[in-house]
Amino acid sequence: MNELLPIESEDLSACMEQKINRYLEGLDKYNQSDSQKILELCQVGKFLCTFFPEYEIMEVREGPDFIISNGIRSVGLEHQSIYKEDVLKRTGFFENIALLAEQEFDSDPEMPNFLVNCYLNKDVDYGNKHKKEILATFIKVIKEYVLKDRIIENNLFERLMKMDHTQKSVEVNFGGYMVPMLSDQKLLEAIQKKEQKLPEYIKNTSLPQWLLLLIGGVGEHSYYLRRNTQLDFKTSFERIFILEDFDNRFYELK
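Since this is a predicted model, take the numbers as computed values, not measurements.

Points about the packing of aromatic side chains
Here is step 1 of the chain: For the coordinates displayed, the defined rule picks out 16 aromatic pairs.
Here is step 2 of the chain: Seen from their ring centres, Phe52 and Trp210 are 5.3 Å apart, and the 50° between their planes marks the pair as tilted. On the criterion of sequence distance, the pair formed by Phe52 in the loop between α2 (32-51) and β2 (56-60) and Trp210 in strand β8 (residues 209-215) is long-range, its members being 158 residues apart. Across the pair, Trp210 and Phe52 agree in class, each one buried.
Here is step 3 of the chain: An aromatic cluster is present here, built from Phe47, Phe51, Phe52, Tyr55, Trp210, Phe241 and Phe250 joined pairwise through their rings.
Here is step 4 of the chain: The ring of Tyr145 is capped by Lys162, whose NZ or CZ atom sits 4.8 Å from the centre of that ring.
Here is step 5 of the chain: The ring of Trp210 has Arg239 sitting right over it, with the charged end atom 5.2 Å from the ring centre.

Set out below in structure tokens:
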């Protein structure tokens, strides 16, 4: 496993805009599917700007997720995040609730711009059967807090913190946690899962294929990578990379 160093960039933000902005048009951050695609585009844009600035996204698609090109050769790029699935169900549920609350506040002229950090109680029941009730509580409690600086008694929030902001923003916080190391078995399972679909990707594009694995986000569903990870595996992907997103550490596994 080789660690690759980032390429110096004068303006990462400008590079990201140039590479992904046209693909963000028409995507709705309040739609769960679109929100996931926005995240993928941002991660791939960061990957290209930081490590392969000569490559551009030529197509956003499925099977594989992207076609990229440096003007001389094109490759298929498949994006895959590795998370703790059981934890992701909970964090993903409440992050979606926060987005839906933001959508409600965006359409409410009474609400000023704000950022509220919501520290959740750990024992809150969640799931689709509780979704309407939880969303209603989010909206009611946060609105009262922003407008009147008063917290309505509720079973969702351990505490709330607010500050001025340029838009109406709700962030969920799950308290302290330890991020575990990614096991070799978990990493190999993620590669094998995509390896099984590789013939389909090649058939769909007639191109060599790269695999980009994402870990190391900011949630308790994330993993970190052991620096001395050494894997013994066979693959037909031309190149396989793993990116620790938050720390911007980038490794080539093949």
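Next, the rest of the story.
Quick look at the nonpolar core
Here is step 1 of the chain: Ranked by internal contacts, the top residues of the largest apolar core, which has 26 residues, are Phe94, Phe138 and Ile142.
Here is step 2 of the chain: Those elements that place two or more of their residues in this core are α3 (85-106), β5 (114-120), α4 (131-148), β6 (157-163) and β7 (168-173).
Here is step 3 of the chain: If you look at the next biggest cluster of nonpolar residues, it comprises 23 residues, including Leu41, Tyr55, Ile68 and Phe250.

What about the state of the cysteines?
Here is step 1 of the chain: This model, assessed by the stated rule, comprises one disulfide.
Here is step 2 of the chain: Each sulfur of the disulfide joining Cys15 and Cys49 lies 2.1 Å from the other. One quick way to see it: the torsion about the S-S bond of Cys15 and Cys49 is about -100°, and its sign makes the bridge left-handed. Of this pair, Cys15 sits in helix α1 (residues 12-24) while Cys49 sits in helix α2; the two residues are 34 residues apart in sequence, bridging distant segments of the chain. Residues Cys15 and Cys49 agree in their burial class; the two are buried.

Things to note about the pattern of salt bridges
Here is step 1 of the chain: One pass over the structure, following the stated rule, counts twelve salt bridges.
Here is step 2 of the chain: The partner of Glu238 in a salt bridge is Arg73, with the nearest N and O atoms 3.0 Å apart. Residue Glu238 is located in the loop between β8 and β9 (239-244), and its partner Arg73 is located in the loop between β3 (66-69) and β4 (74-81); the two are separated by 165 residues in the primary sequence.
Here is step 3 of the chain: Judged by relative accessible area, Arg73 falls into the partly exposed class, the value being 32%.
Here is step 4 of the chain: With a closest N to O distance of 2.7 Å, Arg150 and Glu144 form a salt bridge.
Here is step 5 of the chain: Here the salt bridges share partners, and the residues they tie into one network are Lys37, Glu40 and Glu62.

Rules used throughout
- Residues numbered from 1 in each chain as written.
- Predicted model: local features only at pLDDT ≥ 70, side-chain atom pairs only at ≥ 80, totals over all residues.
- Heavy atoms only, no water.
- Phe/Tyr/Trp six-rings, centres within 6.5 Å; stacked < 30°, edge-to-face > 60°.
- Helix = DSSP H or I, 4+ residues; strand = E, 2+ residues; numbered from the N terminus.
- Buried < 20%, exposed > 50% of the residue type's maximum accessible area, 1.4 Å probe, protein only.
- Lys NZ or Arg CZ within 6 Å of the ring centre and 35° of its normal.
- Core = buried A, V, L, I, M, F, W, Y, C linked by side-chain atoms within 4.5 Å.
- Disulfide = S-S within 2.5 Å.
- Salt bridge = Lys/Arg side-chain N within 4 Å of Asp/Glu carboxyl O.

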